[in-house]
Amino acid sequence: MHDDGALVEKRIDRFVRERLRPAVHRASVPLRVDAWSVTDAPVPFSEAVRQSYTAFGTGRAWGRPWGTTWFHVTGTVPAEWAGEAGTRVELVVDLGFSRATPGFQAEGLVWTPDGIILKAVEPRNRSVPLRARPGGQVDLYIEAAANPDVTSGFTFVATDQGDPATAGTDQIYRLKRVDLALRDEAVWQLSQDFWTLTGLMRELPVGLARRAEIRRALESCIDAMDPDDVAGTAGLGRAALAAVLARPANASAHRLHAVGHVHIDSAWLWPVRETVRKVARTFSNVLSLMEENPDFAFAASSAQQYAWLKEHYPELFARVKAQVAAGRFVPVGGMWVESDTNMPGGEALARQFVTGKRFFIEEFGVEPLEVWLPDSFGYSAALPQIMVAAGSRWFLTQKTSWNETNLMPHHTFRWEGIDGTQIFTHFPPVDTYNAQLSGEEPARAERQYAEKGAANTSLVPFGWGDGGGGPTEEMIAAARRTASLGGSPTVELSTPRRFFEAAEAEYPEPPVWSGELYLEFHRGTYTSQARTKRGNCRSEHLLREAELWACAASVSSGAEYPYDALEQAWQTVLLQQFHDILPGSSIAWVHQEAERNYAAVADALTTLIEVSARQMCGAGDGAVTLNAGPFPSEAYQGWGVARRPRRMPSAPRRHPAPRCAARPPASCSTTASWPSRSTLTGSSPPLVDLAAARELMPRGARGNLLQLHRDTPTQWDAWDIDEHYKRNTVDLSAAESVEVFADAPEQVGVRVTRTFGSSRLVERITLAAGSPAIDLHLEIDWHEKQKLLKLAFPLDLHADRAASEIQFGHVFRATHTNTSWDAARFETVAHRWVHVGEPGYGVAVANDSTYGHDIGRSTGPDGRTRTTVRLSLLRAEVFPDPAADQGRHELRVSLRVGAGIPEAVAEGYRLNRPLRTVDGVSAARVEHLIEVDNPAVVVEAVKLAEDRSGDLIVRLYEAHGSRARARVIRHFEATDVTETDLLERPLAAGAATLSADGPALALELRPFQLVTLRFARP
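Since this is a predicted model, take the numbers as computed values, not measurements. (Residues numbered from 1 in each chain as written. Predicted model: local features only at pLDDT ≥ 70, side-chain atom pairs only at ≥ 80, totals over all residues. Heavy atoms only, no water.)

A. Spotlight on the overall build of the protein chain. If you tally the helices and strands in the protein chain, you get 19 helices and 51 strands. Over its C-alpha atoms the protein chain spans a radius of gyration of 32 Å, differing by no more than 12% from the 31 Å that the globule rule assigns to 1018 residues. For the C-alpha atoms alone, the extent of the protein chain along its principal axes is close to 105 × 65 × 60 Å. Across the 1018 residues of the protein chain, 61% fall into the buried class. Considering only contacts within the protein chain whose residues lie at least 6 apart along the sequence, 76% involve residues at least 24 apart. As displayed, the protein chain has an accessible area near 37,200 Å², and 50% of this comes from carbon and sulfur atoms. Here the protein chain carries 108 positive and 126 negative side-chain charges, and the mean point of each set is 2 Å from the other. (Helix = DSSP H or I, 4+ residues; strand = E, 2+ residues; numbered from the N terminus. Rg over C-alpha atoms; globule rule 2.2 N^0.38 Å. Buried < 20%, exposed > 50% of the residue type's maximum accessible area, 1.4 Å probe, protein only. Contact = heavy atoms within 4.5 Å. Areas by Shrake-Rupley, 256 points an atom, 1.4 Å probe, with all protein chains shown as cover. Lys, Arg positive; Asp, Glu negative; His and termini not counted. Charge placed at Lys NZ, Arg CZ, Asp CG, Glu CD.)

Okay, here's the thing in structure tokens:
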């Protein structure tokens, strides 16, 4: 037989394009359109329906960027449509959709006149089924959002449309179509047959008989039909395809669990306010599909998004709740949002689960067991313990398929965290969380599945994300056709739980991956939008501080605990830890709003702290110093408070000599020794640890060195730092001025002013007598573009690995590049500190809001190895926010000498939880709540129970990476103590070894073990 396969496939494409698709609708008629535009923020339907609408025809422009236009559409279903068997009436809308990706342009929501949401319309989901009969009236409202396409095709060019102040007022869409249409069901079904079969055909090898069989069946179908009467001959066409569609899948075919899903970023290239509407639009689509497809289930994460629905769309929320009860609408994830997992602190990441699961349990009576994070930018090694401590059983993600250098070796495995906790984990080999169930996607999943021979099951999440509308009836039709189809993996409409239970049963002993799931991509997210990151860091510490003192006030004086205020603050902070807000990868609008929210949180929490202090101590004319940190300070040796009079005594006190010193400048007459002027301006005098008699700075190296790099990523500006930035470096060693100052008799410092480009930086360098740490305070007025500012500390240390703090512990990463995995970690994340050292000696570098670091080892001109710690302070990307980070910033860094891991941990807390002084209190003594006698066991949270019973919760962890015994001594009345999970439920078998002796509780913890204690109070 002559090979005419290529010609036949071209014929098939043309038939679909010119004959089949146009015949899906037998007839259509335009509806009357009237319009009313919202001048500012979106309004509820109850307000929009009362407005005066004016005539508005198709073809007209509408919608200023970020504006809303309400279209009132009316008309009559043609009487001649009566008796048309095998059809349905539907509304078909084209708001002016472009070829851009769904979810990144105009979207609409269709309402009835009595305020019931029917369904949404989006670029790939334009029709709304109607129950109107021939001769019946149609009366509907369309809430159309003129969201601009900020992506510009993801070319990463600067855009002014991410800020309403610069987005302009021109109308950006043109209404193309608002019609009633009569859909031919047989033609629509035939079009789905063609879509599935042609997709499969093109995935099969050219020489395979099954490919030729499908091609010839499609050709026979076209031959059997009349191109001038597609509707009348669609039945003949479907009959010609019946046999090829009935061919069963191979017994060894890969098994796919297809889960209806939508990934809606809680903010990104649109503001939070628009996400609220995206959720309503998508969920209404899902509910519409459920009416027609009883075997269809849908999974959605993020308790915050359900909470928005409850607040803004109560009728829609009630319908969702009914489907949750029926097991078809499936809450997953258990978190408040799909947060970043690199930068949120330990307690904040725990609260993502506490707050999210509480919502799902209280609202739906459902506890998600699947942690669902397909799109976060890497996954902390602390996460397995946190997930299991929250009662979760399984973990799903997708993002590491984006790795630039190394492929993960597993798709199904057990992930082990820093404490040894393991969780069953799956990476869908389909490599997308927005699948359409095309022929290409199941084939890719089967081809890439890493566990072949040991297991054969994977999950595919399908649905248009980010406001694209979610799953469609076409996707469900594809799933049905590939349930068992020769040449294809099998596809089962499923739920996450059904998949995980099947996968666990099939593969009970999968391989183990230990440590972080580092994303070899998007490394710039540790640094972009520094003000957002600082707001998060400060908010986290303020929340812990406010809870502690509110708890102390409640226990000591019976004060009312501010549950509602604290819950509101937590929910704001948790929302802004979403994986495109905290990482700094959103439009200007999002970050401006985040900064305002952080300022409001800080004001509210500061007020709560001051109120709690006065409740603890009583009103008076004295002052109280509060130590909310878990370690002793000069003012107070432990958790709690220390009193001091309003006026400090003027008599000088004796202090030990400084531990860390260099040659003092001639103008410095204090007893402390300071880095010399030449140190600060770029030359290299010795920096000495006096106690260890050890020089810290390599000969010829410059310490405290600010470096400016070109920062022009290959793609994904705000997301990426590419390694080629290192090739373009300017050392900012020149100083405009250097001044010595004295803040107090025991503390002096040097102020260095530098100017570079269009920016100005003032650095205060201080050292307190007896202190092992040099403190740096940087004030930066930043006006660079596409530049990266780093702060470098070269150290005379031969360190083959560096420790970086993460949630409830730390990880070690290589300082060398022996393997491609090591080399790919050229920019890493750390929380409050990093530590480098040799056996017996080390140095800690701490910070108060900087997450991005690079730590490497090199050989100096003298042939000796050195280890350099660099902090990434600021970036200046142009997409998606062209004004990112412009303006003033304030950062703190410290360098602590002679430090081991214990000293690094303490230094991180010192810098981030400073002492606080509150005036207007009496001098009455208040006992602190909790004491711990081992510094390796760190108390991270003290609060009252979530159920508002008044029980007291203490969360602590082992911080040094070793086994630890400790006594926890309470200074309050309690009738019992129980170890609980994060949701404060008793553990059947506690993870910690506990024994009580009156007010003292003895603990034995494994390395990095996290423990939650619940004290029942009378």
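There is more to say, and it comes next.
B. The pairing of strand β8 (residues 117–121), seen in detail. Counting buried positions along β8 gives four out of five residues, so the element sits mostly inside the fold. Relative to β8, strand β7 (residues 107–111) runs antiparallel, the two sharing four bridges. By the bridge assignment for β8, leucine 109 is matched with alanine 120. Remark: five residues form the turn of the hairpin made by β7 and β8, two consecutive strands paired antiparallel; glycine 115 in that turn has positive phi of roughly 85°. (Pairing = 2+ DSSP bridges.)

C. A look at unusual backbone geometry. The omega angle of the peptide bond from phenylalanine 879 to proline 880 is 5°, so this bond is cis rather than trans. Within the fold, proline 880 resides in the loop between β41 (865–874) and β42 (887–896). The backbone of aspartate 466 sits at a positive phi, close to 60°, despite the residue not being glycine. For aspartate 466, the position within the fold is in the loop between β20 (457–462) and α12 (473–481).

D. Broad picture of the nonpolar core. Ranked by internal contacts, the top residues of the largest apolar core, which has 132 residues, are Trp70, Tyr306, Phe329 and Leu956. For this core, the element with the most residues is helix α16 (residues 588–617), which contributes 11 residues. Excluding anything up to four places from it in sequence, tyrosine 306 contacts Phe283, Ala300, Ser301, Phe317, Val320, Phe329, Val330, Pro331, Phe359, Phe360 and Phe364. Listed in part, the 44 residues of the second largest apolar core include Phe413, Ile423, Ile806 and Val811. (Core = buried A, V, L, I, M, F, W, Y, C linked by side-chain atoms within 4.5 Å.)

E. Just empty space enclosed by the protein, in detail. Applying the stated criterion across every chain yields a total of 11 cavities of 30 Å³ or more. There is about 230 Å³ of room inside the largest cavity. Forming the walls of the largest cavity are 24 residues, and the residues nearest its centre are Gly345, Glu540, His541, His831 and Arg832. Elements with a minimum of two residues in the lining of the largest cavity: α9 (346–364), α14 (530–557) and β35 (801–806). With four residues, the top contributor of residues to the lining of the largest cavity is α14. Looking at the lining of the largest cavity residue by residue, the class counts come to 10 nonpolar, seven polar and seven charged. (1 Å grid on protein atoms, 1.4 Å probe; cavity = no way out; pocket = protein on both sides within 12 Å on 5 of 7 lines; lining within 4 Å. Points joined across faces, edges and corners; volume = space filled by probe spheres on them. Nonpolar A, V, L, I, M, F, W, Y, C, P; charged D, E, K, R; others polar.)

F. Here's a closer look at the sheet that holds strand β34 (residues 787–795). What the six strands build is an open sheet, ordered β29-β28-β34-β41-β40-β37; its pairing is antiparallel. Edge strands, defined here as strands with exactly one partner in the open sheet, are β29 (729–731) and β37 (828–829). Note that strand β28 (residues 705–710) and β34 share six bridges and pair antiparallel. Residue pairing for β34: leucine 706 is matched across the bridge by leucine 791.

G. Here's a closer look at the sheet that holds strand β22 (residues 512–514). Within the open sheet, the five strands sit side by side as β16-β17-β19-β18-β22. Their pairing is mixed. Looking at the sheet topology across the chains shown, the edges are occupied by β16 (370–372) and β22. Ignoring strand direction, the axes of neighbouring strands in this sheet form an average angle of 30°. As paired strands, strand β18 (residues 412–416) and strand β19 (residues 422–426) are joined by five bridges and run antiparallel to one another. Bridging from a neighbouring strand, phenylalanine 413 pairs with threonine 425 of β19. Packed on one face of the sheet, helix α13 (residues 496–506) meets β16, β17 (394–396), β18 and β19 and runs near 110° to β17. (Axes fitted to C-alpha atoms, helices over the stretch in contact; angles between N-to-C directions.)

H. Looking closely at the packing of helix α4 (residues 209–224) against helix α5 (residues 230–246). Where α4 meets α5, the closest approach of the two axes is 8 Å, and the angle between their N-to-C directions is 165°. It follows that α4 is roughly antiparallel to α5 by the angle criterion. Once α4 is placed against α5, the crossing between them reads as right-handed. Judged by residue contacts, Arg210, Glu213, Ile214, Ala217, Leu218, Ser220, Cys221 and Ala224 of α4 engage Leu236, Gly237, Ala240, Leu241 and Val244 from α5. Split by residue class, the contact of α4 with α5 holds nine nonpolar, two polar and two charged. (Parallel < 35°, antiparallel > 145°, perpendicular 65-115°, else oblique. Left-handed = near helix turned anticlockwise from the far one by under 90°.)

I. The arrangement of the side chain of glutamate 547 in detail. Within the secondary structure, glutamate 547 is located in helix α14. Looking at glutamate 547, the relative accessible area reads 2%, which means it is buried. Excluding residues within four positions of it along the chain, glutamate 547 makes contact with Arg351, Tyr561, Leu566, Trp570, Val942 and Lys943.

J. Quick look at the packing of helix α8 (residues 314–325) against α9. Where α8 contacts α9, the axes come no closer than 11 Å and their chain directions differ by 85°. Accordingly, the angle class assigned to the pair α8 and α9 is roughly perpendicular. Of the residues in α9, those in contact with Phe317, Lys321 and Val324 of α8 are Phe359, Glu363 and Phe364. Residue classes in the contact of α8 with α9 are distributed as four nonpolar, no polar and two charged.

K. Structural context of the pattern of salt bridges. According to the stated counting rule, one finds 75 salt bridges in the structure shown. When the shortest N-O distance is used, the salt bridge between arginine 126 and aspartate 94 registers 3.0 Å. Here arginine 126 is found in the loop between β8 and β9 (127–129), whereas its partner aspartate 94 is found in strand β6 (residues 87–94), with 32 residues between them in sequence. We classify aspartate 94 as buried; its relative accessible area is 10%. Measuring nitrogen to oxygen at the nearest pair gives 3.2 Å for the salt bridge that ties glutamate 736 to arginine 760. In this pair, glutamate 736 sits in the loop between β29 and β30 (737–744) while arginine 760 sits in strand β32 (residues 759–768), placing the two residues 24 residues apart along the sequence. Under the relative-accessibility criterion, glutamate 736 is labelled partly exposed at 47%. (Salt bridge = Lys/Arg side-chain N within 4 Å of Asp/Glu carboxyl O.)

L. Fine view of α4. Spanning 16 residues, α4 covers 22 Å between terminal C-alpha atoms, matching the ideal 22 Å at 1.5 Å per step. Of all the positions in α4, only Arg210, Arg211, Ile214, Arg215, Ala217, Leu218, Glu219, Cys221 and Ile222 are classed as buried. Taken together, the buried residues of α4 touch α1 (5–20), α3 (185–203) and α5. (Expected span 1.5 Å × (residues − 1).)

M. A look at the environment of alanine 145. Residue placement: alanine 145 occurs in strand β10 (residues 137–145). Residue alanine 145 is classed as buried on the basis of its relative accessible area, which comes to 0%. Separated by 57 residues in sequence, alanine 145 and arginine 202 have C-alpha atoms that sit 37 Å apart. Filtering out sequence-adjacent residues up to four positions away, alanine 145 remains in contact with Trp62, Gly67, Ala106, Glu107, Glu274, Arg277 and Arg281.

N. Seen up close, the packing of aromatic side chains. Across all of its chains, the model carries 51 aromatic pairs by this definition. Ring geometry for phenylalanine 359 against phenylalanine 360: centres 6.1 Å apart, planes inclined by 80°, an arrangement best described as edge-to-face. With respect to class, phenylalanine 359 is no different from phenylalanine 360; both count as buried. By way of ring pairs, the aromatic residues Phe104, Phe154, Phe156, Trp268, Trp270, Trp402, Phe521, Trp716, Trp719 and Phe879 are connected into one cluster. Positioned above the aromatic ring of tyrosine 909, the side-chain terminus of arginine 832 is 4.1 Å from the ring centre. (Phe/Tyr/Trp six-rings, centres within 6.5 Å; stacked < 30°, edge-to-face > 60°. Lys NZ or Arg CZ within 6 Å of the ring centre and 35° of its normal.)

O. Structural context of helix α7 (residues 303–312). Burial analysis of α7 places seven of its 10 residues in the buried class, the great majority of the element. Along α7, the residues that are buried comprise Ala303, Gln304, Gln305, Tyr306, Ala307, Trp308 and Leu309. Those residues of α7 hidden inside the fold are in contact with α6 (272–292), β14 (298–300), α8, β15 (329–331), α9 and α15 (563–575).

P. Examining the environment of leucine 383 more closely. With respect to the helices and strands, the residue leucine 383 is situated in helix α10 (residues 383–389). With relative accessibility at 0%, the residue leucine 383 sits in the buried group. Considering only alpha carbons, one finds leucine 383 and tryptophan 415, 32 residues apart in sequence, at a separation of 9.4 Å. When neighbours within four sequence positions are excluded, leucine 383 is seen to be in contact with Thr341, Leu349, Phe353, Leu373, Phe395 and Trp415.

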